[in-house]
Amino acid sequence: YQIKKIYPNNLIIKITEKKPIAIIQKSKQKTYFTARGELIDFRKIKKFEDLPTVFGDEKSFSTFYVNLKNINFPFKEIKTFYLFESKRWDIVTKNNQIIKLPIKNYEISLQNFINFKNNINFGKYKIFQRGISMFNRYSKLRKRRYVEY
């Protein structure tokens, strides 16, 4: 908020609403995270119950979030973000699909997920990860419950 006094007897008050986009959970402490990278004290509010939870630090998530926005990643489909000590991210969708990202160049992996997610058969797979060649992938899909790209 901003307050400006106009002499002799006027005040101008500007209030800017901060809208949370995620819940950051570090240890047992929760805070709301805004699209501008700001933190807001956590209070249980019904309106924000469906926000994705981030298990990691706000600085790493802030960078990660900017990259998600840059590729138009479907943020509203996400349930949870996990940051590992190696600085690798896992994303769990609201359909309980897990996207396992590499440490570097994860934007390519996210773009591949966006391209594959609307495939008719894609919904039955629970894990999406980088790993084997395109040739091997199709022969192994029938036996596994995950997609490697």
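Residues numbered from 1 in each chain as written. Predicted model: local features only at pLDDT ≥ 70, side-chain atom pairs only at ≥ 80, totals over all residues. Heavy atoms only, no water.

Draft legend 1. Here's a closer look at the overall build of the chain. When you go through the chain residue by residue, the secondary structure sums to 3 helices and 11 strands. Secondary structure elements of the chain, listed N to C terminal, follow the sequence β-β-β-β-β-β-α-β-β-β-α-β-α-β. Relative to its full complement of 149 residues, the chain shows a buried share of 36%. Surface summary for the chain: the accessible area is close to 10600 Å², and the carbon and sulfur share equals 51%. (Helix = DSSP H or I, 4+ residues; strand = E, 2+ residues; numbered from the N terminus. Buried < 20%, exposed > 50% of the residue type's maximum accessible area, 1.4 Å probe, protein only. Areas by Shrake-Rupley, 256 points an atom, 1.4 Å probe, with all protein chains shown as cover.)

Draft legend 2. Region of interest: helix α1 (residues 58-70). Between its first and last C-alpha, α1 extends 18 Å over 13 residues, near the 18 Å set by a 1.5 Å rise per residue. Looking at α1, one finds that the buried residues are S60, F61, F64, Y65, N67 and L68. In an axial view of α1, the angular spread of the buried residues amounts to 160°, which keeps them on one side of the axis. The exposed residues of α1 that point more than 90 degrees off its buried face are K59 and N70. (Expected span 1.5 Å × (residues − 1). Arc of directions from axis to C-beta.)

Draft legend 3. Molecular detail of the packing of aromatic side chains. In total, this model carries 14 aromatic pairs according to the counting rule given. Between the aromatic rings of F33 and F61, the centroid separation amounts to 5.1 Å while the plane-to-plane angle is 75°, which identifies the pairing as edge-to-face. Linking F33 in strand β4 (residues 29-34) with F61 in helix α1, this pair joins segments that are 28 residues apart in sequence. F61 gets classed as buried once you look at its relative accessible area, which sits at 0%. Counting every residue linked through ring pairs, the aromatic cluster contains F33, F61, F64, Y65, F75, F81, W89 and Y106. (Phe/Tyr/Trp six-rings, centres within 6.5 Å; stacked < 30°, edge-to-face > 60°.)

Draft legend 4. Broad picture of the pairing of strand β2 (residues 10-14). Within β2, only 0 of the 5 residues are buried, which leaves the element largely exposed. Direction of pairing for strand β1 (residues 2-6) relative to β2: antiparallel, over a ladder of 5 bridges. Looking at β2, one finds that K4 is bridged to I12. The turn linking β1 back onto β2 is made up of 3 residues. (Pairing = 2+ DSSP bridges.)

Draft legend 5. View of the nonpolar core. F61, F64, F73, F81, I91 and L110 are the most contacted members of the largest nonpolar core, which has 25 residues in total. Only β3 (20-26), α1, β7 (78-83), β8 (89-93) and α2 (106-116) provide two or more residues apiece to this core. With residues up to four places along the chain from it excluded, the contact list for F64 reads F81, W89, I91, L101, Y106 and L110. (Core = buried A, V, L, I, M, F, W, Y, C linked by side-chain atoms within 4.5 Å. Contact = heavy atoms within 4.5 Å.)

Draft legend 6. Here's a closer look at the side chain of Q97. Looking at where Q97 falls in the secondary structure, it is placed in the loop between β8 and β9 (98-100). Here Q97 falls in the buried class, since its relative accessible area comes to 7%. What Q97 contacts, discounting residues up to four positions off in sequence, is I91, V92, F113, F122, G123, Y125 and K126.

Draft legend 7. Representation of the pattern of salt bridges in the model. This structure, assessed with the given rule, holds 6 salt bridges. In this structure, K18 and E38 form a salt bridge, with 4.0 Å as the shortest nitrogen-oxygen distance. Taken together, the positions of K18 in the loop between β2 and β3 and E38 in the loop between β4 and β5 (39-41) put the pair 20 residues apart, joining distant regions of the chain. Its relative accessible area of 44% is what places K18 among the partly exposed residues. A salt bridge links D57 to K87; its shortest N-O distance comes to 3.8 Å. Remark: K87 occurs in the loop between β7 and β8 and D57 occurs in the loop between β6 (53-55) and α1; sequence separation between them is 30 residues. Salt bridges here are not isolated pairs; linked through shared partners, they connect R88, D90 and K100. (Salt bridge = Lys/Arg side-chain N within 4 Å of Asp/Glu carboxyl O.)

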